[in-house]
Amino acid sequence: RKEVEQDPGPFNVPEGATVAFNCTYSNSASQSFFWYRQDCRKEPKLLMSVYSSGNEDGRFTAQLNRASQYISLLIRDSKLSDSATYLCVVGMGGFKTIFGAGTRLFVKA
Amino acid sequence: SAVISQKPSRDICQRGTSLTIQCQVDSQVTMMFWYRQQPGQSLTLIATANQGSEATYESGFVIDKFPISRPNLTFSTLTVSNMSPEDSSIYLCSVSSEVTKNIQYFGAGTRLSVL
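Now for a description of the structure that goes with this document. For clarity, every value in this text was computed on a predicted model and none was experimentally measured. (Residues numbered from 1 in each chain as written. Chains lettered and ligands numbered in written order. Predicted model: local features only at pLDDT ≥ 70, side-chain atom pairs only at ≥ 80, totals over all residues. Heavy atoms only, no water.)

Some thoughts on the sheet that holds strand β3 (residues 19–25) of chain B
Residues and elements named next belong to chain B.
- Spatially, the 4 strands line up as an open sheet ordered β1-β3-β8-β7, and their pairing is antiparallel. Of all strands in the sheet, those bounded by a partner on one side alone are β1 (4–7) and β7 (68–72). Averaged over neighbouring strand pairs, the angle between their axes works out to 15° when direction is ignored.
- Two elements, β7 and strand β8 (residues 75–80), share 3 bridges in a ladder whose sense is antiparallel. Counted as the bridge partner of Asn 72 is Phe 75 from β8. (Pairing = 2+ DSSP bridges. Helix = DSSP H or I, 4+ residues; strand = E, 2+ residues; numbered from the N terminus. Axes fitted to C-alpha atoms, helices over the stretch in contact; angles between N-to-C directions.)

Here it is, written out as structure tokens:
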């Protein structure tokens, strides 16, 4: 079983749609959680950190469920520019960080 | 976040040759990481470079093939040695600090093609 698992997609959604990505992690000792975004032919970039209380940044909402070892990212009112691969990332303590394989999103006009 | 310069941005090389990729950061960082990524595929960690000690390699990667230097807190190099077409990939460096710990910031990558 992979340490961080994501649905690879692709998700094809129209502009304005709401889309949700899920991620599960296997190690209950995981300490920190993030979503990264990677555009085509670009490097991964930090999108947002994920907290147990849930957090929101504009159209993006991230949730963490430690009991279920589950992380989610919700994108509301999708824009064409949201098209990218979204990586679920788990910090294990120290500097060890595990990147998920990513979920591809295509937003179409 | 740190500003990371990675050179070269791309190269085309002949099999059997070696290429050294440089990663320069605009501030001191604790850890530097080297990844490989095939187009459309996930990141694969090659090794972790801590200043003043030998790099730590992941399973399937060895120092003879991917020697790494980390001479100071702002610079690292990865060499891809005795290249074959299977080494064609995107190579990415990333950094993290004591403050950000598990947050990594990435360079723009080196796109390598081996003929």
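Right, picking up where we left off after that structure.
Describing the pairing of strand β11 (residues 110–114) of chain B
All names here are of chain B.
- The element β11 is largely enclosed, with a buried count of 4 among its 5 residues.
- One ladder, built from 3 bridges, connects strand β9 (residues 89–96) with β11; its direction is antiparallel. The partner of Ser 89 across the bridge, within β11, is Leu 112. (Buried < 20%, exposed > 50% of the residue type's maximum accessible area, 1.4 Å probe, protein only.)

Examining the state of the cysteines
- Considering all chains together, one arrives at 2 disulfides over all chains under this definition.
- A disulfide bridge connects Cys23(A) with Cys88(A), and the sulfur atoms are separated by 2.0 Å. What sets the handedness of the Cys23(A) and Cys88(A) disulfide is the S-S torsion sign, and at about -75° it is left-handed. Of the two residues, Cys23(A) is situated in strand β3 (residues 19–25) and Cys88(A) in strand β9 (residues 84–91); the sequence distance between them amounts to 65 residues. Accessibility classification places Cys23(A) together with Cys88(A) in one group, the buried group.
- Here Cys23(B) connects covalently by a disulfide to Cys93(B), the sulfurs 1.9 Å from one another. Looking down the S-S bond of the Cys23(B) and Cys93(B) bridge, the torsion is 65°, so its handedness is right-handed. (Disulfide = S-S within 2.5 Å.)

What about the pairing of β9(A)?
All names here are of chain A.
- Taking burial as the measure, the 8 residues of β9 include 8 buried ones, the bulk of the element.
- Burial along β9 is two-sided: Ala 84, Tyr 86, Cys 88 and Val 90 and Thr 85, Leu 87, Val 89 and Gly 91, pointing in opposite directions, are all buried.
- Bridge count for strand β4 (residues 32–38) against β9 is 7 bridges, and the pairing is antiparallel. Its bridge partner being in β9, Arg 37 is matched across the sheet by Tyr 86.
- Of the strand pairs in this sheet, β9 and strand β11 (residues 103–108) are connected by 3 bridges, and their pairing is antiparallel. Following the sheet pairing, Ala 84 is matched in β11 by Leu 105.
- Of the strand pairs in this sheet, β9 and strand β10 (residues 97–99) are connected by 3 bridges, and their pairing is antiparallel. Its bridge partner being in β10, Val 89 is matched across the sheet by Phe 99.
- The hairpin turn running from β9 into β10, its antiparallel successor, is 5 residues long, and Gly 93 in that turn takes a positive phi close to 95°.

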